[in-house]
Amino acid sequence: MATYRFSLVETEQECAAYFALRHQIFGLEQRLFPTGDRDHWDTIAVPIIAVDSRNEQVVGVVRIYEESPGLWYGGRLGVHADYRRSGRIGQGLIYKAVTTAHGWGCQKFLAVVQEQNVRFFARLHWQALEDIVLHDLPHQLMEADLAHYPPIITESLGRAFTSRSLLC
C-alpha cells in the first residue's frame, strides 16, 4: 500500500515537479491555461506537494497564500491522473494546506472550487458561500471550518516564504 508525504516544497527539484504537475493538470489535461497557469499569486504563494513514498514522485499539488491579514486562500489543488482513485491525496493536501495556514495565523480559509469537487470539499468540513463562474466553468467559493483543522506549525512563515522565493 502506498504512503504519501505532504510537505512544503523544499528543493529546486520539488519546485520543478510542482509546476510541471500543475501544467499537466490545468494546462494540458483541463485546458484551462494552455500557455501556463502561473499568476501573480505565485509570487507570494507557498507550494505544497504530495509525494509517493515508493518512488518519490510528486503526485499532488496545492498552493496557499495570505490575501490580507488572517485571510488565506488555497488554490491550484491537483492530483496526478494515475493517483485520483481514492481521494486520499486530495484530502491530505487540503489538510496540510489548511492546518499550515491555521498555524501561521489564518482566521479564515477560502478556496474557489470547481463544481465537480464541491461535494468532496463538503465532506471535509467546507461550506459553500457563493456561485462563481471562472474560465466559463461553474465554481463555488468555499470556506473551511477551521475547527476541523487544528493549527500545525512545521516551520516558520518567514522560512517558508524565503525558501519558496529562492526555489520557485
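Located above this text is the structure these notes cover.
Residues numbered from 1 in each chain as written. Predicted model: local features only at pLDDT ≥ 70, side-chain atom pairs only at ≥ 80, totals over all residues. Heavy atoms only, no water.

Novice: Just checking my understanding: could you explain the side chain of R22 for this structure?
Specialist: As for its position among the elements, R22 is in helix 1 (residues 12–29). The class of R22 is buried, set by a relative accessible area of 0%. Those residues in contact with R22 that lie beyond four places of it in its chain are G27, D37, R38, D42, V61, R63 and R76. (Helix = DSSP H or I, 4+ residues; strand = E, 2+ residues; numbered from the N terminus. Buried < 20%, exposed > 50% of the residue type's maximum accessible area, 1.4 Å probe, protein only. Contact = heavy atoms within 4.5 Å.)

Novice: Even after reading the chapter, I still don't get the side chain of T100, so can you show me in this structure?
Specialist: Position of T100 among the secondary structure elements: in helix 2 (residues 88–103). Look at T100 and you get buried, because its relative accessible area is 2%. Among the polar contacts made by the side chain of T100, one reaches the main-chain carbonyl oxygen of K96 at a distance of 2.6 Å. For T100, the contacting residues outside a window of four places in its chain are L8, I64 and I152. (Polar contact = N/O pair within 3.5 Å; in protein donor to acceptor, adjacent residues only side chain to side chain.)

Novice: It is not clear to me how the packing of aromatic side chains should be interpreted in this structure. Could you clarify?
Specialist: Here a ring pair, both rings aromatic, is described through the centre-centre distance and the interplanar angle of the planes. Within this structure, the stated rule accounts for nine aromatic pairs. Residues W72 and W104 carry aromatic rings whose centres are separated by 6.0 Å and whose planes lie at 40° to one another, so their mutual orientation is tilted. Taken as a pair, W72 in strand 4 (residues 71–79) and W104 in the loop between helix 2 and strand 5 (108–114) lie far apart in primary sequence, 32 residues in all. Assigned by exposure class, W72 and W104 land together as buried. For the ring pair F121 and W126, a centre distance of 5.0 Å and an interplane angle of 85° mean the geometry is edge-to-face. Classification of F121 by relative accessible area gives buried; the value is 7%. W126 sits in the buried class, given a relative accessible area of 7%. In this arrangement the basic side chain of R38 is found over the ring face of F19, its NZ or CZ atom lying 3.5 Å from the centre. (Phe/Tyr/Trp six-rings, centres within 6.5 Å; stacked < 30°, edge-to-face > 60°. Lys NZ or Arg CZ within 6 Å of the ring centre and 35° of its normal.)

Novice: Help me out: how do you make sense of the sheet that holds strand 3 (residues 57–68) in this one?
Specialist: The strands that make up a sheet pair up through hydrogen bonds in the backbone, lying either parallel or antiparallel. One open sheet holds the seven strands; their spatial order is 1-2-3-4-5-7-6, and the pairing between them is mixed. At either end of the open sheet lies a strand with only one pairing partner, and these are strand 1 (4–8) and strand 6 (126–134). Ignoring strand direction, the axes of neighbouring strands in this sheet form an average angle of 25°. Pairing analysis gives four bridges linking strand 4 to strand 5, with the strands arranged parallel. Paired with L71 across the strands is K108, a residue of strand 5. Strands in contact with helix 1 are strand 1, strand 2 (46–52), strand 3, strand 4 and strand 5; relative to strand 3, the strand with the most contacts, it is inclined by about 90°. With respect to the sheet, helix 2 is in contact with strand 1, strand 2, strand 3, strand 4, strand 5, strand 6 and strand 7 (137–144), its orientation differing from that of strand 1 by roughly 30°. (Pairing = 2+ DSSP bridges. Axes fitted to C-alpha atoms, helices over the stretch in contact; angles between N-to-C directions.)

Novice: It is not clear to me how helix 1 should be interpreted in this structure. Could you clarify?
Specialist: An α-helical turn contains 3.6 residues, so any two residues separated by three or four positions project in the same direction. Relative to the 26 Å expected for 18 residues at 1.5 Å per residue, helix 1 spans 24 Å between its end C-alpha atoms, a close match to the ideal helical length. Of all the residues in helix 1, the buried ones are E14, C15, Y18, F19, L21, R22, I25, F26 and G27. Downstream of helix 1 by one or two residues, R31 has phi in the positive range, about 60°. (Expected span 1.5 Å × (residues − 1).)

The values reported here are purely geometric and, on their own, carry no functional implication.
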